[in-house]
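# Fold and geometry: a report
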Amino acid sequence: MENFNISDIITCIVEGVAALGSVLVALTAIWGRSIKRIFYKAELSLEINQDDNCCVDMIEVESNESNTERELQIRIKLINKGNETALDTISFVDEVYKQDGDGKFSQYRNYLPFQLMYYQTGKTKDHVIPHLSYYIEIAKVMCLQVNAMSEDSATSKQNHKLYLQAFDKIPFSRKELGKGTFIVPVKTYFKCAKEPVVTYIWLHWDGDNLTGNYKSKLVAQIKTAKEFKNLIK
């Protein structure tokens, strides 16, 4: 049997490690992205907490000082609970369900898909960094008060309705819902996602105006997929 000295053994080990390193480099080049996805992935979660910047009053006075528009904005809180940034994240709506007299829900509106807007950026697409809070504008309650002045009196007309906040061909357009109880499926996509994250937003508005304890007339919460399935006809 041929004898090996220490230097030969060390040389063999070094060459073996180098060969193994070359194999690993080749495998990483081929399968690196797939391997990375096993350990690093985005995990999106949408939430609504009416006490956590999700329901916010805004008052705006028009430039002609004859119209006063008061709004109650409703936002979804989006958090990436994973350890990888969710690239090019968008959320959109293409249908709405409304509660009927029997307590069940049937399809109320069917839209061409329209995107929702990020509150922080005013855009419909963003990179969602892990563990940061993003807010998406989903709906608003509008109180449009038009003051008509005449020589003898001043009159006002108010409309208080629930609207979806759309961002389609006309930015900041609105889809009227009115009063009632609705479920809005929100579909959220990001780059490399195999399927959308679907969140079922329950919205209820039964107020007459935006005065007094009007927030008690608003309910905004999330239903699970199982709850949604049991509620629809």
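The notes below deal with the structure included here.

## Some thoughts on the overall build of the chain
Looking only at helices and strands, one finds two helices and 13 strands in the chain. Residues counted as buried form 35% of the 233 residues belonging to the chain. Here the chain has roughly 14,300 Å² of accessible surface; of this, 53% comes from carbon and sulfur atoms.

## Considerations on the environment of Glu176
On the secondary structure map, Glu176 appears in strand β10 (residues 173-178). C-alpha separation for the pair Glu176 and Gln165, spaced eleven residues apart in sequence, amounts to 9.0 Å. A distance of 3.0 Å separates the side chain of Glu176 from the side chain of Lys161, its partner in a polar contact.

## Description of the pattern of salt bridges
Under the defined criterion, the tally for this structure stands at seven salt bridges. A salt bridge links Lys140 to Glu71; the nearest nitrogen and oxygen atoms lie 3.1 Å apart. One end of the pair, Lys140, is in strand β8 (residues 133-149); the other, Glu71, is in strand β3 (residues 67-80), with 69 residues separating them in the sequence. For the pair Lys140 and Glu71, a shared accessibility class is recorded, and that class is buried. With a closest N to O distance of 3.0 Å, Glu176 and Lys161 form a salt bridge.

## Observations regarding the packing of aromatic side chains
Following the criterion strictly, the structure yields seven aromatic pairs and no others. Both rings, one in Tyr97 and one in Phe228, keep their centres 5.3 Å apart while their planes meet at 80 degrees; by these two values the pair is edge-to-face. Separated by 131 residues along the polypeptide, Tyr97 in strand β4 (residues 86-99) and Phe228 in helix α2 (residues 225-231) bring together distant segments of the chain. Note on Phe228: relative accessible area 9%, which makes it buried. Geometrically, the ring pair formed by Tyr111 and Phe114 is edge-to-face, given 5.4 Å between the ring centres and 75 degrees between the ring planes.

## As for the nonpolar core
Counting 39 residues, the largest nonpolar core has Ile74, Ile138, Leu162, Leu164, Val184, Val186 and Leu203 as its most contacted members. Aside from chain neighbours lying at most four places away, what touches Leu162 is Ile74, Ala139, Lys140, Val141, Lys175, Glu176, Leu177, Gly178, Phe182, Leu203 and Trp205. In this structure, Ile183, Tyr200, Trp202 and Phe228 belong to the second largest nonpolar core, which totals six residues.

## Some details on the pairing of β4
Every other side chain in a regular strand lies on the same face of the sheet, so the side chains alternate between the two faces. β4 sits mainly inside the fold: ten of its 14 residues count as buried. Of the strand pairs in this sheet, β4 and strand β7 (residues 126-128) are connected by two bridges, and their pairing is antiparallel. Pairing of Thr89 across the sheet is with Asp126, part of β7. Note: β4 against strand β11 (residues 180-189), five bridges, orientation antiparallel. Residue pairing in the sheet places Ser91 in a bridge with Thr188 of β11. In this antiparallel pair of consecutive strands, β4 and strand β5 (residues 105-115), the connection spans five residues, and Gly103 shows a positive phi of 90 degrees.

## Overview of the pairing of β5
For β4 and β5, the ladder comprises seven bridges, and the chain directions are antiparallel. Along β5, the bridge assignment pairs Glu95 with Asn110.

## Section: the environment of Lys229
Its place among the elements puts Lys229 in helix α2. For Lys229, a relative accessible area of 64% corresponds to the exposed category. Here the alpha-carbon distance between Lys229 and Phe105, two residues 124 residues apart in the chain, equals 9.8 Å.

## A few points about unusual backbone geometry
With a phi angle near 70 degrees, His131 is a residue other than glycine that sits in the positive phi range. Inspection of the secondary structure puts His131 in the loop between β7 and β8. Note on His131: relative accessible area 58%, which makes it exposed. Phi at Cys192 takes a positive value of approximately 75 degrees, unusual for a residue other than glycine.

The rules we used
- Residues numbered from 1 in each chain as written.
- Predicted model: local features only at pLDDT ≥ 70, side-chain atom pairs only at ≥ 80, totals over all residues.
- Heavy atoms only, no water.
- Helix = DSSP H or I, 4+ residues; strand = E, 2+ residues; numbered from the N terminus.
- Buried < 20%, exposed > 50% of the residue type's maximum accessible area, 1.4 Å probe, protein only.
- Areas by Shrake-Rupley, 256 points an atom, 1.4 Å probe, with all protein chains shown as cover.
- Polar contact = N/O pair within 3.5 Å; in protein donor to acceptor, adjacent residues only side chain to side chain.
- Salt bridge = Lys/Arg side-chain N within 4 Å of Asp/Glu carboxyl O.
- Phe/Tyr/Trp six-rings, centres within 6.5 Å; stacked < 30°, edge-to-face > 60°.
- Core = buried A, V, L, I, M, F, W, Y, C linked by side-chain atoms within 4.5 Å.
- Contact = heavy atoms within 4.5 Å.
- Pairing = 2+ DSSP bridges.

Limitation: the analysis is restricted to geometry and does not speak to function.
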